[in-house]
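Listed below, chain by chain, are the residues.
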There are 2 protein chains.
Amino acid sequence: MPLKDSYLLPAAADMHVHLRNAPGPISQLVTPMIRQAGVDCVFVMPNLAPRPIVTVDEALEYQRRLQALDPSVTYLMSLYMHESLTPDEIRKARKAGIAGVKAYPRGATTNSQWGVVSFEPFHDVLAAMEQEGVVLNLHGEVPSSAADGVTVMNAEAKFLPVLGELIAKYPRLHIVLEHCTTAAAVDAVRSFGEIVVGTITAHHLSLLVDDWSANVNNYCKPSAKSPEDRQALLDAVVRSNGKFFLGTDSAPHDIGAKKGKGNTAAGVFTQPYALGYVLMALEEAIQRGDISEDDVTEDALVGFFGTYGRRFYGAEAADRKILLTRGGQVIAQSLKGDGAEIVPFRAGETTWGVEWQ
Amino acid sequence: MPLKDSYLLPAAADMHVHLRNAPGPISQLVTPMIRQAGVDCVFVMPNLAPRPIVTVDEALEYQRRLQALDPSVTYLMSLYMHESLTPDEIRKARKAGIAGVKAYPRGATTNSQWGVVSFEPFHDVLAAMEQEGVVLNLHGEVPSSAADGVTVMNAEAKFLPVLGELIAKYPRLHIVLEHCTTAAAVDAVRSFGEIVVGTITAHHLSLLVDDWSANVNNYCKPSAKSPEDRQALLDAVVRSNGKFFLGTDSAPHDIGAKKGKGNTAAGVFTQPYALGYVLMALEEAIQRGDISEDDVTEDALVGFFGTYGRRFYGAEAADRKILLTRGGQVIAQSLKGDGAEIVPFRAGETTWGVEWQ
């Protein structure tokens, strides 16, 4: 048993969650699962359907609807990088405590049809964000294009030059490269200063391309890639030094959207067991020899699970503790709510239990 | 319209088909679809469940069962490269007209659990095949292995050194590298002499990794890869010079095996529309600029669709003609038989009609 049997840690923060439109069948099912995971602070994605969150008022209204579902969680809100966004709205966002603006390359993932084609038209907005200290959250993929040789396998690596250009143009802009999936992305984030960080999901710490190729529940964007890429992510978790922290990208899709007439919605659902998945993946990585058991220090876990993310966003420190216990629960085969059914990642496996202290 | 509106060609040959155990719901549904495609000669895969075809007697018995389903097709039979195979059985196979022995790397694809771990123990069998002129059919992938950095994306490229070793050791052995999916495989086949050839499926001429990542009906082994790889396959079709010919790897799976509890059976079903898919892909490739319309000569089509494959296996030339007509039919949304339902590739699209002359 390379890890300890239990860990008493500060409550965690999950800096990339999809809670969907609220109230609604999926938001009602998944929002209460945040705390089940041992998490009390989340950074909420704005890519809602039928339309995304593009104004401060909409974000605050959405925040109130989420608070109604579970008032004990801190919801850090974001805006969708959209052509209607203005520098004034950025200043208003800053005053209202909106934490970031998420940029989706148009067509790259779920509800990205209103996204960014080029950052050029957003110059004034980005300059305002840099000045105000509003974070830029990047879905770091270029859209697939046969003409340009871009597929789901190299879409992230091909985005990295765009990241470099943004940093060169806006050197004081706080940037999160969301859900890093490649060694190249980890290397890039490490190569820039401390205001450029990366989030890492729970599922990318155990998945490879083979695991999603034949399993719709493991398919997401960005997709899981090679053993070398996975090893780089695991290394980033245990040697983060504040550059990488947890953002699960937990993406609930009704089972019908996963097993429809052929097309599969992209997204892996990890919300209620997020920390357990990470510990499982770390332990498996030790067994494979991808990382050393000496790397998995309690400091590394505390930092990756919450401290680093809270510090980056200026959120308050956790005031409660959670006890994680090996073998403490079995992952549900499916999670059913009123009008929604979601299959969680690694359904049926035994994972770590979570108790609030 | 870069291609002609119709082609009058010799009946085609499909040198890689899965007809499953016969009689059975799937074999009864798909075997009569061979001729619907304009094909009258097929090379039949031996990877049946619950156990593969490992003896000459089993192969001949299987051939009779297929003939009972459609006596108008020529079934070229194969054995499964299995530890029970002997040089005597190879000599018996030659006398009985068995065309080849299919080697599956153990664990690489459907029903490969009895397959080859190393070719070393098969030395006597391979030497007998070389002497007797029995073809070696290779599923050219090494099994995925995180420890060795092998995934579905590079499993074929990593197999190519094994191909080189086999050719060096058995220089007179006739070899088919089945269902090439990479530029590397095409280059390798071209680099060896004329007794080393490759088959190319219909579906790999249009699919990329993005097309199967979110669509279970497009998922197969080997998986479709990058735009550069697809372009190399298209080039191999129109500049085959006898080195590449059609082997659809048409793999019928009941809809339940495609949309089950998460795990998806690997295989794309192309049998009834095989030639139409190829023509659709060639036309799309011309439109993208991947190939030139001058490349798609009638000679190239005649060779790829049948002449080259028949010549390689020593099968008789076609004595009937088929008329392929643009826009002649719509691909069924699903194909239902007694106890089986299969979703064909590109369901619902308009493809080329086939009429026997």
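What you see is a predicted model, and the numbers here were worked out from it, not measured in a lab. (Residues numbered from 1 in each chain as written. Chains lettered and ligands numbered in written order. Predicted model: local features only at pLDDT ≥ 70, side-chain atom pairs only at ≥ 80, totals over all residues. Heavy atoms only, no water.)

## Some thoughts on the pattern of salt bridges
All names here are of chain A. A complete count under the given rule lists 34 salt bridges over all chains for this structure. Salt-bridge contacts for Lys-169 lead to Glu-120; the nearest nitrogen and oxygen are separated by 3.8 Å. Here Glu-120 lies in the loop between β6 (100–103) and α5 (123–132) and Lys-169 lies in helix α6 (residues 160–169), a separation of 49 residues in the sequence. The class for Glu-120 is exposed, based on a relative accessible area of 56%. Look at the salt bridges and you will find they share partners, linking Arg-190, Asp-235, Arg-239 and Asp-295 into a network. (Salt bridge = Lys/Arg side-chain N within 4 Å of Asp/Glu carboxyl O. Helix = DSSP H or I, 4+ residues; strand = E, 2+ residues; numbered from the N terminus. Buried < 20%, exposed > 50% of the residue type's maximum accessible area, 1.4 Å probe, protein only.)

## Details of the sheet that holds strand β8 (residues 175–177) of chain A
Residues and elements named next belong to chain A. Overall, parallel pairing links the six strands, which are arranged β5-β6-β7-β8-β9-β10 in an open sheet. Only two strands of the sheet have a single partner each, and these edge strands are β5 (78–80) and β10 (244–246). With direction set aside, neighbouring strand axes in the sheet form an average angle of 30°. Strands in contact with helix α12 (residues 298–313) are β7 (135–138), β8, β9 (196–200) and β10; relative to β10, the strand with the most contacts, it is inclined by about 110°. (Pairing = 2+ DSSP bridges. Axes fitted to C-alpha atoms, helices over the stretch in contact; angles between N-to-C directions. Contact = heavy atoms within 4.5 Å.)

## A closer look at helix α11 (residues 274–288) of chain B
Residue and element names in this part refer to chain B. Here α11 is 15 residues long and its end C-alpha atoms lie 21 Å apart, about the 21 Å a rise of 1.5 Å per residue gives. In terms of burial, α11 is a largely internal element, 12 of the 15 residues being buried. Among all positions of α11, only Ala-274, Leu-275, Gly-276, Tyr-277, Val-278, Leu-279, Met-280, Ala-281, Leu-282, Glu-283, Ala-285 and Ile-286 are buried. For α11, the secondary structure elements touched by its buried residues are β2 (12–17), α9 (227–238), β10 (244–246), α12 (298–313), β11 (321–330) and β14 (350–356). (Expected span 1.5 Å × (residues − 1).)

## Some remarks on the relation of the copies chain A and chain B
Rotating chain A by 180° and translating it 0.0 Å along the rotation axis places it on chain B, where the RMSD comes to 0.0 Å. Given the turn and translation reported, the copies of this chain are related as if by a two-fold rotation axis. When you check the interface residues of chain A against chain B, 100% turn up at the interface there too, and the contact is symmetric in its surfaces. (Least-squares fit on C-alpha atoms with pLDDT ≥ 70 in both.)

## With respect to the interface of chain A and chain B
Interfaces are often described in size by the accessible area the parts lose on coming together. If you look at the interface, chain A gives 27 residues, while chain B gives 27 residues. Connecting chain A to chain B are zero salt bridges. Counting the contacts that link chain A with chain B gives eight residue pairs in polar contact (both at pLDDT 80 or more). Elements with a minimum of two residues in the side of chain A that touches chain B: α8 (209–213) and α9 (227–238) of chain A. Here the side of chain A that touches chain B is built from residues that sort into 10 nonpolar, 11 polar and six charged. (Polar contact = N/O pair within 3.5 Å; in protein donor to acceptor, adjacent residues only side chain to side chain. Nonpolar A, V, L, I, M, F, W, Y, C, P; charged D, E, K, R; others polar.)

## Looking at the nonpolar core
Counting residues in hydrophobic clusters, the biggest one holds 214 residues, and the most contacted among them are Met-81 and Phe-305 of chain A together with Met-81 and Phe-305 of chain B. Filtering out sequence-adjacent residues up to four positions away, Met-81 of chain B remains in contact with Val-101, Lys-102, Ala-103, Trp-114, Gly-115, Val-116, Phe-122, Val-125, Leu-126, Met-129 and Leu-136 of chain B. (Core = buried A, V, L, I, M, F, W, Y, C linked by side-chain atoms within 4.5 Å.)

## A word on the UniProt feature "domain: Amidohydrolase-related" (unreviewed entry) in chain A
According to UniProt, the feature "domain: Amidohydrolase-related" (unreviewed entry) maps to residues 83–183 of chain A in the numbering used here. In residues 83–183 of chain A, helix accounts for 31% and strand for 11%; the two terminal C-alpha atoms are 32 Å from one another. (UniProt positions renumbered as here; feature names shortened; annotations may be inferred.)

## Some details on the environment of Thr-151 of chain B
Structurally, Thr-151 of chain B can be placed in the loop between β7 (135–138) and α6 (160–169). Note: C-alpha distance between Thr-151 of chain B and Arg-346 of chain B (195 residues apart in sequence) is 26 Å. When neighbours within four sequence positions are excluded, Thr-151 of chain B is seen to be in contact with Val-209, Asp-210, Lys-225, Ser-226 and Pro-227 of chain A together with Ser-144 of chain B.

## A look at the environment of Gly-306 of chain A
Residue position: Gly-306 of chain A is located in helix α12. Taking the C-alpha atoms as reference, Gly-306 of chain A lies 17 Å from His-203 of chain A; in sequence the two are 103 residues apart.

## Focus: the packing of α9 of chain A against helix α11 (residues 274–288) of chain A
All names here are of chain A. Where α9 contacts α11, the two axes come as close as 11 Å, and the packing angle between them is 115°. The handedness of the crossing between α9 and α11 comes out as left-handed. Each of Arg-230, Leu-234, Val-237 and Val-238 in α9 lies in contact with α11, whose residues at this interface are Ala-281, Leu-282, Ala-285 and Arg-288. For the contact of α9 with α11, the residue count by class is six nonpolar, no polar and two charged. (Left-handed = near helix turned anticlockwise from the far one by under 90°.)

## Some details on unusual backbone geometry
Residues apart from glycine generally show negative phi values, whereas peptide bonds are mostly found in trans. Following Ala-22 of chain B, the chain continues to Pro-23 of chain B via a peptide bond in cis, the omega torsion being -5°. Within the fold, Pro-23 of chain B resides in the loop between β2 and α1 (25–30). Geometrically, the link from Lys-221 of chain B to Pro-222 of chain B is a cis peptide bond, its omega value of -5° lying close to zero. Mapping Pro-222 of chain B onto the fold places it in the loop between α8 (209–213) and α9. Its identity as a non-glycine residue notwithstanding, Arg-346 of chain A has a phi of 55°, on the positive side.

## Points about the sheet that holds β11 of chain B
Two strands in a sheet stick together by hydrogen bonds in their backbones, pointing the same way (parallel) or opposite ways (antiparallel). Residue and element names in this part refer to chain B. Read from one edge to the other, the open sheet built from three strands follows the order β1-β11-β14, with strand pairing classed as antiparallel. A strand with exactly one partner marks an edge of an open sheet, and here the two such strands are β1 (6–10) and β14. Averaged over all pairs of adjacent strands, the angle between strand axes in this sheet comes to 35°, irrespective of strand direction. Looking at chain direction, β11 and β14 are connected through six bridges and run antiparallel. Counterpart to Ile-322 in the pairing with β14 is Trp-356. Most of the contacts of α11 go to β14, to which it runs at about 135°, and overall it touches β11 and β14. With respect to the sheet, α12 is in contact with β1 and β11, its orientation differing from that of β1 by roughly 45°.

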